Amino acid sequence: MSIKDLFQTADWKKEKHVPVIESPELTAKGVLTQVKVSVGKEIPHPNTTEHYIEWIEVYFLAQDAKSPVCLGRCEFSSHGAWAQGPNTSGVYTEPQFSLNFKTDKAGVISAVSYCNIHGLWENSKELKVTE
Ligand code: FE
């Protein structure tokens, strides 16, 4: 068994766990590129004290690079728990965030999400760069 066997993927329009990457197809050198990542865009994922998306990480693999760089990570820390017990606070962090980055090289943006019950899910999207 390898850890890579634990990463699940599917069409995000049919499988609620798959991180959705919203970013331009094309950017330019020196220009800030915004990447928005979310889980549950088409089919909402539960967000309760018992079942929630714990974090999302975003990576960029530049063409010709052997390993990716981690662009950012977001932890979603509020899932309704409070002094009176599970699901009593009424406060829930939604599993979505955005970041901005610059790159001189084209490559692939990858996102990994982690559900506390259903594990690791991934998705990827190409980014082209003009001179
Ligand atoms: Fe789940």
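The preceding data block contains the structure.
Residues numbered from 1 in each chain as written. Predicted model: local features only at pLDDT ≥ 70, side-chain atom pairs only at ≥ 80, totals over all residues. Heavy atoms only, no water.

A. Seen up close, the overall build of the chain. Along the chain, the regular secondary structure elements total zero helices and nine strands. Once the C-alpha set of the chain is aligned to its principal axes, its extents read approximately 55 × 35 × 25 Å. Burial statistics for the chain: of 131 residues in total, 36% are counted as buried. Look at the contacts in the chain between residues 6 or more apart in sequence, and 61% of them connect residues 24 or more apart. Averaging the locations of the 13 positively and 16 negatively charged side chains of the chain gives two centres separated by 5 Å. (Helix = DSSP H or I, 4+ residues; strand = E, 2+ residues; numbered from the N terminus. Buried < 20%, exposed > 50% of the residue type's maximum accessible area, 1.4 Å probe, protein only. Contact = heavy atoms within 4.5 Å. Lys, Arg positive; Asp, Glu negative; His and termini not counted. Charge placed at Lys NZ, Arg CZ, Asp CG, Glu CD.)

B. Main features of the packing of aromatic side chains. Under the definition given, this model contains two aromatic pairs. Ring geometry for Trp55 versus Tyr114: centroids 5.6 Å apart, planes at 20°, classification stacked. With Trp55 in strand S5 (residues 53-62) and Tyr114 in strand S8 (residues 107-115), this pair connects stretches of sequence that are 59 residues apart. The exposure class assigned to Tyr114 is partly exposed, which follows from its relative accessible area of 26%. A cation sits over an aromatic face here: Arg73 above Trp55, 4.7 Å from the ring centre. (Phe/Tyr/Trp six-rings, centres within 6.5 Å; stacked < 30°, edge-to-face > 60°. Lys NZ or Arg CZ within 6 Å of the ring centre and 35° of its normal.)

C. Examining unusual backbone geometry more closely. With a phi close to 75°, Asp64 is a non-glycine residue in the positive phi region. The phi dihedral of Asn87 falls on the positive side, at around 55°, and the residue is not glycine. By secondary structure assignment, the location of Asn87 is in the loop between strand S6 (69-75) and strand S7 (96-101). The exposure class of Asn87 is partly exposed, given its relative accessible area of 30%.

D. Structural view of the coordination of the iron ion. At the metal site, the iron ion is ligated by His17 (NE2), His45 (NE2), His51 (NE2), Cys115 (SG) and His118 (ND1), and these contacts range over 2.1 to 2.3 Å. Motif for the iron ion, donor spacing along one chain: H-x27-H-x5-H-x63-C-x2-H. One end of the pair, His51, is in the loop between strand S4 (33-38) and S5; the other, Cys115, is in strand S8, and 64 residues separate them in sequence. For the pair His51 and Cys115, a shared accessibility class is recorded, and that class is buried. (Donors = N, O, S within 2.8 Å, 3.2 Å for Na, K, Ca; no water.)

E. Spatial organisation of the side chain of Thr33. Looking at the secondary structure, you find Thr33 in strand S4. At 2.7 Å, the side chain of Thr33 and the side chain of Thr27 are in polar contact. Apart from residues lying up to four places away in sequence, Thr33 is in contact with Pro24, Thr27, Leu99, Asn100, Phe101 and Leu127. (Polar contact = N/O pair within 3.5 Å; in protein donor to acceptor, adjacent residues only side chain to side chain.)

F. Expanded view of the layout of surface pockets. Here the largest pocket is characterised by a volume of approximately 160 Å³. In terms of lining, the largest pocket is formed by Tyr59, Phe60, Leu61, Pro68, Val108, Ser110, Val112, Glu122 and Ser124. Those elements that place two or more of their residues in the lining of the largest pocket are S5, S8 and strand S9 (119-130). Within the lining of the largest pocket, the residues separate by chemical class into six nonpolar, two polar and one charged. (1 Å grid on protein atoms, 1.4 Å probe; cavity = no way out; pocket = protein on both sides within 12 Å on 5 of 7 lines; lining within 4 Å. Points joined across faces, edges and corners; volume = space filled by probe spheres on them. Nonpolar A, V, L, I, M, F, W, Y, C, P; charged D, E, K, R; others polar.)

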